[in-house]
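As a plain string of letters, each chain reads:
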Amino acid sequence: MLTILHASHISNTTPPQGYGGIELIVDILARHQVREGLNVKVMGVKSPGVKTEYEFIQVFKDPVKKLSLKHKFKYMLELLKEARGSDVIHLHVQWLAAIAPALKYLRIPVLLTLHADLSNDALSHLIRRFGITLIAISYTQRERMEKRGFKVYDVIYHGIEVEKYPFIKDKE
């Protein structure tokens, strides 16, 4: 069975308890993949007592609001440890692309969803050099990235679970 490892943000919980757009997308995608019969693991921060349909790897006890190099290194080391049992690594955090050389060495396919445009030149170089597969969240973003010389594999819009947001005809 295919094992997918998602690396979610650590500034909020996954699934989010309130704010957390990217974390919500990671949770929705992971739950969908489990329903499709895939083995799914998600790394990040989870609130105590929250149950998930997928395996959760708790990297930090609480959301990291002031990200430091120490936090980044800890997350990257955990990601490398978990990568060995995975068939695909799906990054949702751009700075994690810094470990692309190690993941390429392990011969594990890596993709990065661009929840925002790339803004770091050093990471841009690593993404090009090590061939990380990029997923855009809109055709406009894809066009901007391709104008900068990046190859975007596909566009996948952020989805929402519409049943959670019922239509209300009249304004409350």
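Residues numbered from 1 in each chain as written. Predicted model: local features only at pLDDT ≥ 70, side-chain atom pairs only at ≥ 80, totals over all residues. Heavy atoms only, no water.

## Some words on the sheet that holds strand β1 (residues 3–7)
In spatial order, the strands read β3-β2-β1-β4-β5-β6-β7; together these 7 strands make up an open sheet with parallel pairing. In the strand order of this sheet, the two ends are held by β3 (55–58) and β7 (152–155), each with one partner. For this sheet, the mean angle separating the axes of adjacent strands, direction not counted, is 25°. As paired elements, β1 and strand β2 (residues 39–44) share 5 bridges and run parallel to each other. Across the sheet, the residue bridging to I4 is V40, located in β2. The sheet contacts of helix α2 (residues 69–83) involve β1, β2, β3 and β4 (88–91), and relative to β2 the element is tilted by about 165°. (Pairing = 2+ DSSP bridges. Helix = DSSP H or I, 4+ residues; strand = E, 2+ residues; numbered from the N terminus. Axes fitted to C-alpha atoms, helices over the stretch in contact; angles between N-to-C directions. Contact = heavy atoms within 4.5 Å.)

## Regarding the packing of aromatic side chains
Considering all chains together, one arrives at 2 aromatic pairs under this definition. On the numbers, 5.9 Å between centres and 70° between planes, the contact of Y75 with W95 is edge-to-face. Linking Y75 in helix α2 with W95 in the loop between β4 and α3 (100–105), this pair joins segments that are 20 residues apart in sequence. Neither Y75 nor W95 differs from the other in exposure class; each is buried. The ring of F150 has R128 lying over it, and the distance from NZ or CZ to the ring centre is 3.9 Å. Note that R129 overlies the ring of F130, its terminal NZ or CZ placed 5.0 Å from the centroid. (Phe/Tyr/Trp six-rings, centres within 6.5 Å; stacked < 30°, edge-to-face > 60°. Buried < 20%, exposed > 50% of the residue type's maximum accessible area, 1.4 Å probe, protein only. Lys NZ or Arg CZ within 6 Å of the ring centre and 35° of its normal.)

## Looking at unusual backbone geometry
Geometrically, the link from T14 to P15 is a cis peptide bond, its omega value of -5° lying close to zero. Within the fold, P15 resides in the loop between β1 and α1 (21–35). Of note in the backbone geometry, R107 takes a positive phi value of approximately 60° without being a glycine. Of note, R107 is situated in the loop between α3 and β5 (110–113). Judged by its relative accessible area of 77%, R107 is exposed.

## With respect to the pattern of salt bridges
What the rule picks out here adds up to 7 salt bridges. Between D27 and R31 there is a salt bridge whose closest N-O contact spans 2.9 Å. Placement of the pair is D27 and R31 together in helix α1, with a separation of 4 residues, close to one helical turn. There is no split in this pair, since D27 and R31 are both buried. Put simply, R142 and E146 hold a salt bridge, and the shortest N to O gap is 3.3 Å. Residue R142 and its partner E146 are both found in helix α5 (residues 139–147); the two are separated by 4 residues, about one turn of the helix. For E146, a relative accessible area of 39% corresponds to the partly exposed category. (Salt bridge = Lys/Arg side-chain N within 4 Å of Asp/Glu carboxyl O.)

## Observations concerning α2
Across its 15 residues, α2 extends 21 Å between first and last C-alpha, which sits within 8% of the 21 Å expected from 1.5 Å per residue. Taken together, the buried positions of α2 are H71, Y75, M76, L79, E82 and A83. Buried positions in α2, seen along its axis, are confined to an arc of 130° and lie on one side of it. Among the exposed residues of α2, those pointing more than 90 degrees away from its buried face are L69, K70, L77 and K81. For α2, the elements touching its buried residues are β1, β2, β3, β4 and α3. (Expected span 1.5 Å × (residues − 1). Arc of directions from axis to C-beta.)

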